[in-house]
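# Structure at a glance
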2 protein chains.
Amino acid sequence: MTKHFENQIESLKKKILHLTAMVEQSLTEAVRSVRDRDIALADKVIAADESIDEFEVEVEEDCLKTLALYQPVASDLRFIIAVLKINNDIERIGDLAVNIAQRAKSLVTLKSEDNPFELPEMSELTLAMVKKSIDALIKMDAGLAREVGTMDDRIDDMHKNAYRTAESEISKSPKLVGYYINLLGISRYLERIADHATNIAEDVVYLVEGNIIRHQIVE
Amino acid sequence: MTKHFENQIESLKKKILHLTAMVEQSLTEAVRSVRDRDIALADKVIAADESIDEFEVEVEEDCLKTLALYQPVASDLRFIIAVLKINNDIERIGDLAVNIAQRAKSLVTLKSEDNPFELPEMSELTLAMVKKSIDALIKMDAGLAREVGTMDDRIDDMHKNAYRTAESEISKSPKLVGYYINLLGISRYLERIADHATNIAEDVVYLVEGNIIRHQIVE
């Protein structure tokens with residue numbers, strides 16, 4: 001690996017970390033906008049998506065330039081391809097943060113003031129999964145990546161609980177159907193974000209170990 | 001472009017078409033399993049996912065080998081990268097077909113026999129979007145790809161209608177909450193499949209025109 005190529009890899013890692021930080025902020029603020037019924041914060045998350053999209057395109061262009069310029073093979077090639085795919089997943093997590101912010105805005109017009117699901121725990125765990133999966137990529141640590149799969153099982157359980165709670169609460173108070181369906185939507189967006197983190201983690205394990213473990217962590 | 005590389009591109013196109021055909025079949029059968037409350041068919045869709053996953057990995061490996069062996073640049077490089085990303089989207093459409101099949105199994109235990117949403121129209125349109133986006137890739141036709149974005153707007157409207165129908169029906173008959181939430185889940189999976197088709201179409205426009213139109217078709 002030449003010095004130039006090494007620098008290029010370092011620069012890509014930094015950019016992926018930067019994109020992740022942008023998306024983490026959006027996600028944190030989206031969840032807070034739900035909790036506080038804060039329309040201004042939700043609007044901020046929605047507006048921030050443009051910069052995230054632009055940065056994703058920049059990272060992809062960097063990957064293409066690196067491929068064209070250095071023609072990497074073997075593990076170097078795999079690394080660039082993994083970054084390309086992971087870049088895509090992170091951007092989609094950003095889209096889901098926007099979806100959560102949009103739900104926050106709908107919730108403002110709806111009745112209940114409480115948050116009956118485990119949404120704070122669920123969003124904390126989801127954020128931790130995103131961080132850990134990217135951390136695993138930067139450190140090329142398959143062990144760290146595998147932990148993400150275990151965390152995903154807990155997210156799935158939490159989402160199933162939310163579903164059951166919504167079902168029983170709506171049966172009791174049908175007037176709250178809009179409220180619960182919106183809240184359930186947020187739970188589902190978090191579950192999808194956790195899925196993207198799991199995809200990232202699978203790509204990292206594949207990258208580090210070269211085995212096809214993809215499609216085996218999550219079922 | 002050397003003859004060998006040309007053959008490699010042709011082989012990749014054939015494989016992407018094959019993967020798409022597998023996923024189209026799963027999606028068609030998943031939707032039919034919902035309509036007919038057919039558990040055996042739903043189980044078939046769930047079982048077929050393993051072959052889809054394996055084939056996705058094979059296409060990705062082919063892309064990596066092509067990159068390592070032919071070191072393509074410019075538009076050839078972009079094509080391989082687009083195939084890599086699109087391959088990923090198709091596989092995720094397969095996952096969503098499995099999700100629909102799982103919902104079909106839940107619906108069997110639930111009460112109502114009718115399908116109150118526009119699910120047949122929605123699934124037909126979604127399938128047409130998947131076909132058209134891949135057709136656009138094979139033909140390198142940006143015009144065709146752009147049509148997918150317009151179709152996606154109709155899917156979004158249909159999903160919003162499903163949501164409103166569910167809300168008003170549950171208010172009227174709270175006992176049917178489980179039934180409607182499951183049906184709404186199917187509508188949402190179809191909407192996500194349509195999103196993946198739109199992502200594919202955006203990648204094709206980007207590939208053909210070289211402009212950054214991504215993140216501009218869909219908002």
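Residues numbered from 1 in each chain as written. Chains lettered and ligands numbered in written order. Predicted model: local features only at pLDDT ≥ 70, side-chain atom pairs only at ≥ 80, totals over all residues.

### Re the overall build of chain A
Secondary structure assignment for chain A yields six helices and zero strands. Along its sequence from the N terminus, chain A presents helices and strands in the succession α-α-α-α-α-α. Its C-alpha atoms give chain A a radius of gyration of 19 Å, near enough to 17 Å, the size a compact globule of 219 residues would have. For chain A, the residues scored as buried account for 47% of the 219 residues in total. In chain A, the proportion of contacts linking residues at least 24 apart, taken out of those at least 6 apart, comes to 79%. (Helix = DSSP H or I, 4+ residues; strand = E, 2+ residues; numbered from the N terminus. Rg over C-alpha atoms; globule rule 2.2 N^0.38 Å. Buried ≥ 20, exposed ≤ 12 C-beta atoms within 10 Å, placed from the backbone. Contact = placed C-beta atoms within 7 Å.)

### Considerations on the interface of chain B and chain A
Between chain B and chain A, the contact holds 24 residues from the first and 24 residues from the second. When contributions to the side of chain B that touches chain A are tallied by element, the ones reaching two or more residues are helix 2 (39-70), helix 3 (74-108), helix 5 (142-172) and helix 6 (177-209) of chain B. Looking at the side of chain B that touches chain A, the element that brings in the most residues is helix 3 of chain B, giving six residues. Its residues placed into classes, the side of chain B that touches chain A shows 13 nonpolar, five polar and six charged. (Nonpolar A, V, L, I, M, F, W, Y, C, P; charged D, E, K, R; others polar.)

### Comments concerning the packing of helix 4 (residues 119-139) of chain A against helix 5 (residues 142-172) of chain A
All names here are of chain A. Where helix 4 contacts helix 5, the two axes come as close as 9 Å, and the packing angle between them is 165 degrees. It follows from the interaxial angle that helix 4 and helix 5 lie roughly antiparallel. For the element pair helix 4 and helix 5, the recorded crossing hand is left-handed. Seen from helix 4, the contacting residues are E121, M122, L125, T126, A128, M129, K132, S133, D135, A136 and K139; seen from helix 5, they are L144, A145, E147, V148, M151, D152, R154, I155 and M158. Here the residues of the contact of helix 4 with helix 5 sort into eleven nonpolar, two polar and seven charged. (Axes fitted to C-alpha atoms, helices over the stretch in contact; angles between N-to-C directions. Parallel < 35°, antiparallel > 145°, perpendicular 65-115°, else oblique. Left-handed = near helix turned anticlockwise from the far one by under 90°.)

### Here's the deal with the relation of the copies chain B and chain A
The transformation that overlays chain B on chain A combines an axial shift of 0.0 Å with a rotation of 180 degrees, and the residual RMSD is 0.0 Å. Taken together, these values place the two copies in the relation of a two-fold axis. A shared interface surface links the copies, since 100% of the contact residues of chain B are contact residues in chain A too. (Least-squares fit on C-alpha atoms with pLDDT ≥ 70 in both.)

### Re the nonpolar core
If you look at the biggest cluster of nonpolar residues, it comprises 135 residues, and the most contacted ones within it are A97 and I100 of chain A together with A97 and I100 of chain B. Discounting residues that sit within four places of it in the chain, I100 of chain A has contacts with A30, V31, V34, I186 and Y189 of chain A. (Core = buried A, V, L, I, M, F, W, Y, C linked by C-beta atoms within 7 Å.)

### Overview of the environment of P120 of chain B
Counting through the fold element by element, P120 of chain B comes out in helix 4 (residues 119-139). Judged by the 13 C-beta atoms lying within 10 Å of it, P120 of chain B falls in the partly exposed class.

### Section: the packing of helix 1 (residues 3-35) of chain B against helix 2 of chain B
When two helices pack together, their arrangement is captured by the angle between the axes and the distance separating the axes. All names here are of chain B. Where helix 1 contacts helix 2, the axes come no closer than 10 Å and their chain directions differ by 165 degrees. Classified by the angle their axes make, helix 1 and helix 2 are roughly antiparallel. For the crossing formed where helix 1 meets helix 2, the hand is left-handed. Of the residues that constitute the contact of helix 1 with helix 2, the class distribution is 16 nonpolar, five polar and six charged.

### A look at unusual backbone geometry
Residues and elements named next belong to chain A. Phi is positive for Q71, close to 45 degrees, though the residue is something other than glycine. Residue placement: Q71 occurs in the loop between helix 2 (39-70) and helix 3 (74-108). For M140, which is not glycine, the phi dihedral falls at a positive 50 degrees. Owing to 14 C-beta atoms within 10 Å, M140 belongs among the partly exposed residues under this scheme.

### What about helix 4 of chain A?
All names here are of chain A. If you check helix 4, its first and last C-alpha atoms are 30 Å apart, about what 21 residues at 1.5 Å a residue would give, namely 30 Å. Each element contacted by the buried residues of helix 4 is listed here: helix 1 (3-35), helix 3, helix 5 and helix 6 (177-209). Trailing helix 4 by a residue or two, M140 shows a phi angle of about 50 degrees, which is positive. (Expected span 1.5 Å × (residues − 1).)

### Here's the deal with helix 5 of chain B
Helix length check: helix 5 of chain B (31 residues) gives 46 Å between terminal C-alpha atoms against 45 Å at 1.5 Å per residue, within 8%. Listing the buried residues of helix 5 of chain B in full gives L144, A145, V148, D152, I155, M158, H159, A162, Y163, A166 and I170 of chain B.

### Remarks on the environment of T165 of chain A
Considering the arrangement of structural elements, one finds T165 of chain A in helix 5. Taking the C-alpha atoms as reference, T165 of chain A lies 39 Å from M140 of chain A; in sequence the two are 25 residues apart.

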